[in-house]
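# Descriptive analysis of the structure
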Amino acid sequence: MSGNTQVTITRQSGYQFLVDFGEGLPQWLADEPAPLGEGNGPAPDHLLLAAVANCLSASLLFALQKFKQDPGRLVATASPLVERNDQKRLRVTGMRVQLCLGKPAAEIEHLDRVLAQFEDFCTVSMSVRQGIDISVQVLDAAGVQLKG
């Protein structure tokens, strides 16, 4: 992440906003689900989940590549815990992120060291964690839980 990263959000109509990530990158249409919006794009909570899951995936890949390891296919699934606060406003109070490696753990060297450090490389989740609990689980291709 660079210090000059900027995203511009412009209302199109209703609750639809055009998300502009900058020159050379595709724009997204974000929209709230019904009854507020029309659900024609990801909602802000989707974008938050995507940012955390993407950063954790990239951090896991980075940690694996430090040891010249390839996870094969890497799939992340993120889901929120949404609750009402004292003022009865909805808040994302937690997230569960599951990262699934495309290979069995036995085929990945230094996996214990990778799992011990990869979360610290994730700028987004480590920032979000200051206000939202994030539970991370790592599974290998056989579905064996390696972390979490």
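Right above here is the structure, for reference.
Here, residues in each chain are numbered from 1, in the same order as that chain's written sequence. Residue-level local features of this predicted model are given only where pLDDT is at least 70; pairs of side-chain atoms are given and counted only at 80 or more, and the full residue set underlies all totals for whole chains, interfaces and linings. As a convention, hydrogens and water are excluded, and side-chain values are obtained from all of the structure's heavy atoms.

Another point: the sheet that holds strand E7 (residues 145-147). Here, any two strands with at least 2 DSSP bridges between them count as paired. Secondary structure counts use DSSP, requiring at least four H or I residues in a row for a helix and at least two E residues in a row for a strand, with both numbered from the N terminus. The strand order across the open sheet formed by four strands is E4-E5-E6-E7, and the pairing between neighbours is mixed. With partners counted over all chains shown, the strands left at the sheet margins are strand E4 (74-84) and E7, one partner each. Pairwise comparison of adjacent strand axes, ignoring direction, gives a mean angle of 25° for this sheet. Summarising the sheet, strand E6 (residues 133-139) and E7 pair through two bridges and their orientation is antiparallel. Within the sheet, the bridge partner assigned to Leu139 lies in E7 and is Gln145. In this description, contact between two residues means that some pair of their heavy atoms is separated by no more than 4.5 Å. Axis geometry follows a simple rule: fit a line to the C-alpha atoms, using only the stretch in contact for helices, then measure angles between N-to-C directions, giving values from 0 to 180 degrees. Contacts from helix H1 (residues 44-66) reach E4, strand E5 (90-101) and E6 within the one sheet, and its direction differs from that of E5 by about 35°.

Let us look at the pattern of salt bridges. Should a side-chain nitrogen of Lys or Arg be within 4 Å of a carboxyl oxygen of Asp or Glu, the pair is scored as a salt bridge. All told, the structure shown has two salt bridges when counted by the stated rule. As a salt-bridge pair, Arg129 and Glu119 come within 2.6 Å of each other at their nearest N and O atoms. Of this pair, Arg129 sits in the loop between helix H3 (123-128) and E6 while Glu119 sits in the loop between helix H2 (111-117) and H3, and the two are 10 residues apart along the sequence. Of the charged contacts, one joins Glu119 and Lys147 as a salt bridge, the two residues approaching to 2.9 Å between their closest N and O atoms. Remark: Lys147 occurs in strand E7 and Glu119 occurs in the loop between H2 and H3; sequence separation between them is 28 residues. Partly exposed describes any residue whose relative accessible area lies between the buried limit of under 20% and the exposed limit of over 50%, with all areas from a 1.4 Å probe on protein chains only and scaled to the type maximum. Judged by relative accessible area, which is 11%, Glu119 ranks as buried.

To form a nonpolar core, buried Ala, Val, Leu, Ile, Met, Phe, Trp, Tyr and Cys residues must be joined to one another through side-chain atoms within 4.5 Å. Counting residues in each nonpolar core, the largest one holds 25 residues, and the members touching the most others are Leu56, Leu60, Leu99, Leu111 and Phe118. Among the secondary structure elements, those contributing two or more residues to this core are H1, E5, H2 and E6. When residues in this core are grouped by element, the largest group, eight residues, is from H1. Ignoring any residue separated from it by four or fewer positions in sequence, one finds Leu111 in contact with Leu64, Leu101, Ala105 and Leu146.

What follows deals with H1. Taking 1.5 Å per residue, 23 residues should reach 33 Å; H1 reaches 33 Å between its end C-alpha atoms and fits that length. Taken together, the buried positions of H1 are Leu49, Val52, Ala53, Cys55, Leu56, Ser57, Ser59, Leu60, Ala63 and Leu64. In the core, the buried residues of H1 are packed alongside E4, E5, H2, H3 and E6. The positive-phi residue at the C-terminal boundary of H1 is Lys68, with phi of around 55°. For a helix, the expected span equals 1.5 Å multiplied by the residue count minus one.

Examined against the element boundaries, Ser79 turns out to sit in strand E4. Remark: the alpha-carbon pair of Ser79 and Leu60, spanning 19 residues in sequence, is separated by 18 Å. The contact partners of Ser79, leaving out residues within four places of it in the chain, are Leu49, Gly94, Met95 and Arg96.

Geometry only, nothing functional implied.
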